[in-house]
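Fold and geometry: a report
Below are the chains, spelled out letter by letter.
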Amino acid sequence: MTDAAPLRADLVLEGGGVKGIGLSGTVATLARAGYSFPRVAGTSAGAVVGAFLVALQRAGEPLERLEDVAPTLDYRRLRDRGVVGRAAGPLARIVDGFSLAFDGGVFEGDYLRSWVKGALGDLGVHTFGDLRVDDPGSSLPEGQRYALLVTASDVSRKRFVRLPWDYPLYGLDPDEQEVADAVRASASIPFFFEPVTLRSKPTEEGDPDVSTLVDGGVLSNFPIAVFDRTDGSPPRWPTFGVRLSMRSDGRVQTTEVRGTVSLALSLVETMLEACDAQHIDDPCVLRRSIFVNASGVSPVDFGITDQQQEQLLLAGHQAAGQFLAGWDWQRYLTDCRSAGAVLP
């Protein structure tokens, strides 16, 4: 990192289920290096970490506190089945089958939403109106100037949804929407968590439209270009992307798939880890991406141990340290953002 490198950076945080613990370690190391983050975008687990990151900044709290937030989430309680679903043994499997068939997911996701809502509320963040920013130098329109952006997939309209930016498409005021609801939608891992229902504002013509939202990683798990300028001006600061998978070393890893549950798990992992592969190998994308080695941990391992959590945090720290050691802002501008550069 050169002396001219700015101490501000936008962040794009990849989804990855429980692997998101590694994101906290990365952000904490970047913060210790002096960085602050004007805008943060996150998908699924990245949305959870991103929400707390911007809330801590808004409250004037040290960003290193992210490392203390992650352990307060009881990952075992993410497997919430409701009153009926608390049965054990064969009855539990029957309930799981009904949940998949009629609710779209095994787990309700109520614990995750309530935990996010309560923890953000303690930091003074409730709705996206709390996260509006005054940024006249941005190329984004006024309606998109928020400190946080979370992504979801609208399988009813078959489109990628950026919240709060896209709430007006549903006739909703972005400032009035709860951040916890958007984060919960972004983290709706297919088959595992029930989708989130989003109802548009009623109109004189008829009843509101109803959309079903699932994990943003279904359509784009790593929208690295979401904050890039579109007005032809040079960027004011970099955008760092944080991925929860290492770059391919050419070896092919295979997993044996047996049965419905195994197939569902493999489908989810494929979506979360292979999405956006078409642009991730672009040299300019690689240059601003931090790769956290979260191998060996499944995105839906809700029984993750304390030792595994510590290993993910350490992997996040190491990844950020290695990235900063080779980061050169001026070189990046010359190679990737100059008039003659070929952008991804």
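Here we come to the state of the cysteines. The final tally for this structure, using the stated rule, is 1 disulfide. Linked covalently through their sulfurs, Cys284 and Cys336 form a disulfide whose S-S length is 2.1 Å. The sign of the -90° torsion about the S-S bond sets the Cys284-Cys336 disulfide as left-handed. Here Cys336 lies in helix α11 (residues 329-336) and Cys284 lies in helix α9 (residues 283-287), a separation of 52 residues in the sequence. Residue Cys336 is classed as buried on the basis of its relative accessible area of 2%.

For the pair helix α2 (residues 45-59) and helix α6 (residues 179-186), interaxial distance at closest approach is 8 Å and the crossing angle is 155°. Classified by the interaxial angle, the pair formed by α2 and α6 is roughly antiparallel. For the pair α2 and α6, the crossing hand works out as right-handed. On α6, the residues touching Ala47, Val48 and Ala51 of α2 are Val179, Val183 and Ser186. Its residues assigned to classes, the contact of α2 with α6 comprises 5 nonpolar, 1 polar and no charged.

Side chains bearing opposite charge may pair, as long as their charged atoms lie close to each other. Counted by the stated rule, this structure contains 18 salt bridges. Measuring nitrogen to oxygen at the nearest pair gives 3.4 Å for the salt bridge that ties Arg65 to Glu61. Glu142 is paired through a salt bridge with Arg145; the nearest N and O atoms lie 3.2 Å apart. Salt bridges linked by common partners bring Arg113, Lys117, Glu178 and Asp181 together as one network.

Criteria and thresholds
- Residues numbered from 1 in each chain as written.
- Predicted model: local features only at pLDDT ≥ 70, side-chain atom pairs only at ≥ 80, totals over all residues.
- Heavy atoms only, no water.
- Disulfide = S-S within 2.5 Å.
- Helix = DSSP H or I, 4+ residues; strand = E, 2+ residues; numbered from the N terminus.
- Buried < 20%, exposed > 50% of the residue type's maximum accessible area, 1.4 Å probe, protein only.
- Axes fitted to C-alpha atoms, helices over the stretch in contact; angles between N-to-C directions.
- Parallel < 35°, antiparallel > 145°, perpendicular 65-115°, else oblique.
- Left-handed = near helix turned anticlockwise from the far one by under 90°.
- Contact = heavy atoms within 4.5 Å.
- Nonpolar A, V, L, I, M, F, W, Y, C, P; charged D, E, K, R; others polar.
- Salt bridge = Lys/Arg side-chain N within 4 Å of Asp/Glu carboxyl O.

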